[in-house]
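Chain residues, written in single-letter form:
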Amino acid sequence: MTWHGEELDIDAYLARLGHTAGTKPDLATLRALHRAHVAAIPFENLEMMLGRPVPLDLAALQDKMVRRRRGGYCYEQNLLFAAALERIGFDVTGLGARVRAGASSTRAVTHMLLAVRVDGEAWQCDVGFGGDGLLEPFPLREGAEARQGEWRFQLHGERDGVLVLRTWRPDGWSDLYAYTLEPRLPVDYVVMNHYTSTHPKSSFIRRPVVQRAASETRRRLVGDQLTVTRADGSVSERAVSVSELPDVLVREFGVELDSADIAGLIRTHYAGA
């Protein structure tokens, strides 16, 4: 199997998600699993902030996100999701994207997403983009537009087969990332992951980033700034003090670190905050 679905403890994964419905490889199951995964497993880069490598083998992914109930970033989350879908019987293809959100120049292909075929139709799935990400599968069809919770998304087509996932903001459509349908294999993500988790110019090694997407809000902790964005465009932002950091991680994102990791995170990234 491409995504090592045979190695997944599917019962433990479904329990982590709180998914108790059936696992027939149909669109209803795909939607339910996507929504449950996004709700249960937050986006976070804290292993990098603690000076640790980010292994992508399925055993490590299960240990971190299922057994220890931690979060992860795009490769970790979408590789775990791909393994689960493959185990259930879905047809899963890996894709790679250039992130445009917050970019002032063209970025390398460093984001992972999935294409999943159900009953002859392709769906874009992505449980690892963080606060602005999809809540459920999105039609992989140029021009598609859909509302997910209070958020609107669109798949815009450009030249040379480039597809751009956009989200609606009060001032119009905003690009999230651009991709093509070139298939990617697990080994491709190993290379991307090495760059993203170690290169000096990678934004993910500079400061802690924890995010969670929900139907009505998008939550982010970047450095010591906690931001909550609502679909009407209203934003609340405040600084998080060192003393309240553990509580904020648990309450806002469902991330619980042990005392040693909290101390290491504060010592390395929050000294003087």
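Residues numbered from 1 in each chain as written. Predicted model: local features only at pLDDT ≥ 70, side-chain atom pairs only at ≥ 80, totals over all residues. Heavy atoms only, no water.

Peer 1: Quick rundown of the pattern of salt bridges? Include the residues and the values.
Peer 2: Scanning the model with the defined rule gives 22 salt bridges in all. The partner of Arg 100 in a salt bridge is Glu 158, with the nearest N and O atoms 2.9 Å apart. Of this pair, Arg 100 sits in the loop between β2 (91-99) and β3 (109-118) while Glu 158 sits in the loop between β7 (151-157) and β8 (163-169), and the two are 58 residues apart along the sequence. Between Glu 252 and Arg 251 there is a salt bridge, with its nearest N and O atoms 3.4 Å apart. On the basis of relative accessible area, Glu 252 is assigned to the buried category, the value being 16%. The exposure class assigned to Arg 251 is partly exposed, which follows from its relative accessible area of 46%. Salt bridges sharing partners connect three or more residues here, namely Glu 44, Glu 47, Arg 52, Arg 70 and Asp 261. (Salt bridge = Lys/Arg side-chain N within 4 Å of Asp/Glu carboxyl O. Helix = DSSP H or I, 4+ residues; strand = E, 2+ residues; numbered from the N terminus. Buried < 20%, exposed > 50% of the residue type's maximum accessible area, 1.4 Å probe, protein only.)

Peer 1: A description of the side chain of Arg 166 should follow, citing residues and the corresponding values.
Peer 2: With respect to the secondary-structure elements, Arg 166 resides in strand β8. Using a relative accessible area of 17% as the deciding quantity, one classes Arg 166 as buried. At 3.0 Å, the side chain of Arg 166 and the side chain of Asp 175 are in polar contact. When neighbours within four sequence positions are excluded, Arg 166 is seen to be in contact with Arg 152, Phe 153, Gln 154, His 156, Trp 173, Ser 174, Asp 175 and Leu 176. (Polar contact = N/O pair within 3.5 Å; in protein donor to acceptor, adjacent residues only side chain to side chain. Contact = heavy atoms within 4.5 Å.)

Peer 1: Kindly report on empty space enclosed by the protein, identifying the contributing residues and their values.
Peer 2: Using the criterion set out here, one finds 1 cavity of 30 Å³ or more in the structure. Estimates place the volume of the largest cavity at around 90 Å³. Looking at the largest cavity, it is lined by 15 residues, and the ones nearest its centre are Val 38, Ile 41, Val 127, Gly 130 and Ala 213. Among the elements that line the lining of the largest cavity, the one with the most residues is strand β10 (residues 209-213), at 3 residues. For the lining of the largest cavity, the residue count by class is 8 nonpolar, 5 polar and 2 charged. (1 Å grid on protein atoms, 1.4 Å probe; cavity = no way out; pocket = protein on both sides within 12 Å on 5 of 7 lines; lining within 4 Å. Points joined across faces, edges and corners; volume = space filled by probe spheres on them. Nonpolar A, V, L, I, M, F, W, Y, C, P; charged D, E, K, R; others polar.)

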